[in-house]
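Spelled out, the chains give:
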Amino acid sequence: MPLLRITSPHTHSPGNTGDVMQQVMLATIPGLIALSYFFGPGSLMNVVMASFTAVACEAAVMKLRRRPVMFYINDYSAVVTGVLLGLSLPPYCPWWIVAVSTGFAIVVAKHLYGGMGFNPFNPAMVGYVVVLISFPVEMTQWAAPRTALPDGQSLLGPLSALQQIWLDTGIDGHTAATPLDVFKQNDSQLVQHLYATEPVFAAGRWAGAGWEWVNLGFLIGGAYLLYRRIFTWHAPVAMLVALTLMATIFYDGGSSTSGGSPLLHLLSGGTMLGAFFIITDPVTSATSNRGKLIFGASIGVLIYIIRSWGNYPDAVAFAVLLMNFAAPFIDYYTVPRTYGHDKPRRATDNRP
Amino acid sequence: MRKIWGIPGGIHPPENKDQSLQQPIAEIALPELLVLPLSQHMGTAAEPIVAVGERVLTGQEIAAAKGLVSAPVHASTSGEIVAIEERAIAHPSGMTDLCMVLRPDGRDQWIELHACEDYTRLDHQQLVEKVRAAGIVGLGGAGFPTAVKLNPRANYDIDTLIINGTECEPYITADDALMQAHADEVVAGTRLLAHMLDNPQQVLIGIEDNKPKAIAAMEAALAAGEGHPGSAVEVCTFPTKYPSGGEKQLIQILTGREVPSEQIPANIGVVCQNTGTAQAAWRAVRFGEPLIARITTVVGEALQTQRNIRARLGTPIAHVLAAHGFDAERCSRLVMGGPMMGFTLPTADVPIVKTTNCILAPSREELPPPPPAQACIRCGMCAEACPASLLPQQLFWYSQAQDYEKLQAYNLSDCIECGACAYVCPSNIPLVQYYRASKSTIRRMETEKEKSDRSRQRFEFHKQRIAREEAEKEAKRAARKKAAEQAKQKLAQARAAGGGERTGGSQADPVSAAMARAQTRQVAPQQQQAKLERAVSSAESRLQRARQRCDEAGDEQRDKLQARVKEAQARLDDARQKLAAHEGTGQAADKPDPVATAIARAQAKMALPPAERLRNNIASLQKRLATARQKLDQARQAGSDTVEALQTGVAKLETKIAATRAELDDLQAGAVPEHAQAPSADSEAATAAIEKAKARAAARADMSPEEKLRSQIESLQDRLQKARLRLEKARADNDDNTDAFRTAAEKLEAKLTQTQQQLQQQPVTTDTSH
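Below is a summary of the structure that appears in this document. (Residues numbered from 1 in each chain as written. Chains lettered and ligands numbered in written order. Predicted model: local features only at pLDDT ≥ 70, side-chain atom pairs only at ≥ 80, totals over all residues. Heavy atoms only, no water.)

### Overview of the overall build of chain A
So, step 1. The number of helices and strands found in chain A is 18 helices and zero strands.
So, step 2. The 352 residues of chain A split such that 55% are buried.
So, step 3. Contacts in chain A between residues at least 24 apart in sequence constitute 73% of all its contacts with a sequence separation of at least 6. (Helix = DSSP H or I, 4+ residues; strand = E, 2+ residues; numbered from the N terminus. Buried < 20%, exposed > 50% of the residue type's maximum accessible area, 1.4 Å probe, protein only. Contact = heavy atoms within 4.5 Å.)

In structure tokens:
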């Protein structure tokens, strides 16, 4: 019997990339439940559709690249991209938006750059931004949360939801401005008036009806991933702290030009989804812990800047993509101090 | 309780240590053959000192250490040396190496051992020699000769001795078993090593907290030896984490210090030894017992019995496995060492050596073959696990790209190959394999670079030498040529002075030479003046430029530029001074000054009475003789080839002195009045030459520059004609010197045209100068 001849180590920790990705999907469940409870089945449908599209695209590309299809499907990375994209897209958006964004994410943002591990930009965010820029009308219609619906209305049932998604039959009254939209469009009212008059705030507790719970759901999922050591705390904590700091500095007590309270920024829009599921994407973020701190903090600052002074009410996708650009640069300057060396060295330093 | 420092990274793989600790340390039967590789340690291989067919006793040295970093090999049992040949050894590459093959006779007859009751009575060197002679090397895995480590350089101030009982690798329990069974010996060994290192301030035994029995045994042994002189020994326990047992990591855990990159622990005052090494060193000193056996863990699900054995070095692993109910069908690979850092064996025929701490024969289920690697998702788990704080994924990336510069920039050389990164990698990438390959490539590249550097240096030196020799030859050639030209000129002058006849003789020569010298100098002043004028004008323009720039420049540059202006000014002044001085001498040079001085010198010489002259001659000859003798002595001492030549030179000088002395004697004896009245014919000729030269010089002084040039042209034409004649004659005779004559004629032609041109320009220049 020939003996195996391989180099050490001969043992391996249980778990592989597929397991990591499964954990990530598992961790999105609290957020998805919150989304579905407050906004109806739209998000779940998005997630299912995007996942299938992602897997189909992945398989097709793998077939084209003449790689073993199942081996790559089994790392679940495509599914995760689909799930995250489905969670980001507005519920009940037309089916083709889901298809275009997912296809773009997998085919262009991921595989045209070399596939798993080689893409410089977060595929889900690329897909999201492409449809956001191309189809702004469809992309800015977010469903009204259950608690802020006008009297006599209820959430869309599964059937009417499917109708809306596949036949694009617009049903008025089911969309509403998100908390961040409200702040973006506000230029005359004090913050406390907004909280009193706008239904989305009136029906909410801290940061807008539904949204606060969705964000808390993703926060729970993120905490679970941290507990499972799927990623380190550095990037998410840095991002949330930076965002909080920015919001605190520019809150100005609630005038009509206020950017909104820190709590609003932490618990609305895509903050928590971004902090724990998007910026922690290892492929496109900085590698060292110091690098992750810089990466996360920069995203936090950028999110606030774009939300407050940019053209878009939410900014996670743009901030993440911008910092994806900067990740290799950050890596260059944040090489950790190696054992036995006096100080960390820059990666540009070629001394032996 | 001492402070325990943390190390970055690290992993917690399943320990799998229980299965081999269920039984006490066992002995196994002797195999049919023992195979003892000559290189079981780091450093130079040992050299056989017994012949094939010789009978050896247990513990007898059969191969001697060669060089400082080496270790001897001893017979593990008594028997006959049946072969010294290449055999497969325990090496990841499956290579073969020279081994001594011993057939045991089963009697296990020991050689006489020299015990030592009290090692404190031996001096340090004797102790080191005992450890060295016993063939003790680091038993933890590296196999570095212990004696070398116990003899640190004088500039290393060792303040800490660490005994490594960490044993962080899964499965391995050899040190654990040893500490449980022979804690007293380990403690005694620890004290011995501390004694040998001059009792450092702290002596620490580091043990992971997953070995409670070993810790208890060691503490009991320490307590039993309470009151022992020397450093206090402390057992330090710390949380289990792989790779805490790495030397660098253990030092960091126990002292907080880091071994600087590419240095050894002694640099920071630490010496680290394995527990097994400490015990072996103690047995070597106390009982005189060489290292012929070690404790090895035999473990794995493919074995029926899993335990620790005291294995004789050289025992083939197949024999060990057979003694433990090895099921080859279930086993996927054989690992020497642990699952994290051990290496797979190509065959079970290789022997147990000094560094074999574990033989792992896992079943396929226990250590399944690695799954295919997936793409790196840059998750960073490897960086989290790395105990050296490296960025394994960057190293992997650049290893794939074969970017060796970047790999060095990312400190690949600081990777200890612990395998933690590969263990945690969710994409199952065999990272360590990449690092090893890159490291070996870098090592190879460095050796090659060193080699090419050396040969380049050699080549450059060679080139320099050739160039130097060339230059020397060229200089010699130039000197010869110059001498020849001078001689020619002298000849021409003599002819001119003596009316074309060779009347000059030896005494007339100095005069004509002086004339010739004066003449050459007379041509030069014009050129020199032109040169100096050029220098002045260029200095002027430089000064102007510097001033301009100074005016244009900003404040911060002004200082610098002003200095430059000053410098230019100084240079200009210097050039002007030189020119003025030259103009002064140049006017004088028109007068026959040099000629006059030369004449005066010659006259002075002539005026000396012959006796005086001869005496002078003798004095100078004697001086030359003295130096020649000195040279000869030197040459003799150096055994040089020139001795003979020098000898003849000395002899010649001696005869010359004798001749001159004889002449002087003659002179003094008879011809004193003769000398006063009648100068010799020679001196007559000389005076005539002097007269002629004087006339010439006077004529020249009167001549206008134009006339001077004319006369020059005339003489040149004359010379040219002669040269042409000579050339033709040479051509007719097919002389070897034809070429030389031709160039001489050409040169004369050129000079002639030049002088003619000067003549044409003369009136114009004189006009402008007035």
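### Thoughts on helix α9 (residues 392-401) of chain B
Residues and elements named next belong to chain B.
So, step 1. The buried fraction of α9 amounts to seven of the ten residues, a majority that puts the element mostly inside the structure.
So, step 2. Among the residues of α9, P392, Q393, Q394, L395, F396, Y398 and S399 are the ones counted as buried.
So, step 3. Tucked inside the fold, the buried residues of α9 contact α8 (381-385), α10 (404-409), α11 (420-424) and α12 (431-497).
So, step 4. After α9 finishes, the residue Q402 shows a positive phi value of roughly 55 degrees.

### Digging into the side chain of D159 of chain B
So, step 1. Mapped onto the fold, D159 of chain B is located in the loop between α2 (146-149) and β9 (160-164).
So, step 2. Excluding residues within four positions of it along the chain, D159 of chain B makes contact with P200, Q201, Q202, R257, I268 and G269 of chain B.

### Thoughts on the sheet that holds strand β15 (residues 335-336) of chain B
Residues and elements named next belong to chain B.
So, step 1. Across the sheet, six strands lie side by side as β1-β14-β13-β17-β15-β16; this open sheet has mixed pairing. Strands with a single pairing partner mark the edges of an open sheet, and in this sheet they are β1 (26-27) and β16 (343-344).
So, step 2. The sheet contact formed by strand β13 (residues 293-299) and strand β14 (residues 307-312) spans six bridges and is antiparallel. Looking at β14, one finds that A293 is bridged to R312.
So, step 3. Contacts from helix α3 (residues 174-196) reach β13 and β14 within the one sheet, and its direction differs from that of β13 by about 120 degrees. (Pairing = 2+ DSSP bridges. Axes fitted to C-alpha atoms, helices over the stretch in contact; angles between N-to-C directions.)

### Some details on the sheet that holds strand β8 (residues 96-104) of chain B
Within a sheet, each strand pairs with its neighbour through backbone hydrogen bonds, oriented either parallel or antiparallel.
Residue and element names in this part refer to chain B.
So, step 1. The four strands are arranged β2-β8-β7-β4 in an open sheet whose pairing can be described as antiparallel. With one partner strand each, in any of the chains shown, β2 (34-37) and β4 (55-56) form the two edges of the open sheet.
So, step 2. The sheet contact formed by strand β7 (residues 79-88) and β8 spans nine bridges and is antiparallel. In the strand pairing of β8, R87 is matched with D97.

### Here's the deal with a nonpolar patch on the surface
All names here are of chain A.
So, step 1. Taken together, the side chains of W233, V237, V241, L245, I249, F250, L293, I294, I305 and W309 define a hydrophobic patch exposed on the protein surface, amounting to about 920 Å² of accessible area.
So, step 2. When residues of the nonpolar patch are traced back to their parent elements, those giving at least two are α14 (234-249) and α17 (289-309).
So, step 3. Considering the arrangement of structural elements, one finds I249 in helix α14.
So, step 4. Residue I249 is classed as exposed on the basis of its relative accessible area of 58%. (Patch = residues over 30% accessible without salt bridge, like charges linked within 9 Å, V, L, I, M, F, W, Y side chains within 5 Å. Areas by Shrake-Rupley, 256 points an atom, 1.4 Å probe, with all protein chains shown as cover. Salt bridge = Lys/Arg side-chain N within 4 Å of Asp/Glu carboxyl O.)

### Quick notes on the side chain of H234 of chain A
All names here are of chain A.
So, step 1. In this fold, H234 is placed in helix α14.
So, step 2. Relative accessible area serves as the criterion here: at 9%, H234 is assigned to the buried category.
So, step 3. Engagement of the side chain of H234 in a polar contact is seen with the side chain of T232, the distance being 3.0 Å.
So, step 4. Not counting residues up to four positions away in its chain, the partners in contact with H234 are N289, K292 and L293. (Polar contact = N/O pair within 3.5 Å; in protein donor to acceptor, adjacent residues only side chain to side chain.)

### Points about unusual backbone geometry
So, step 1. Across the junction of S8 of chain A and P9 of chain A, the peptide omega takes the value -5 degrees, indicating a cis bond.
So, step 2. In this structure, P243 of chain B follows Y242 of chain B across a cis peptide bond, with omega equal to 0 degrees.
So, step 3. Mapping P243 of chain B onto the fold places it in the loop between β11 (233-238) and α5 (247-255).
So, step 4. Positioned with a positive phi, Y92 of chain A is a non-glycine residue whose angle comes to about 65 degrees.

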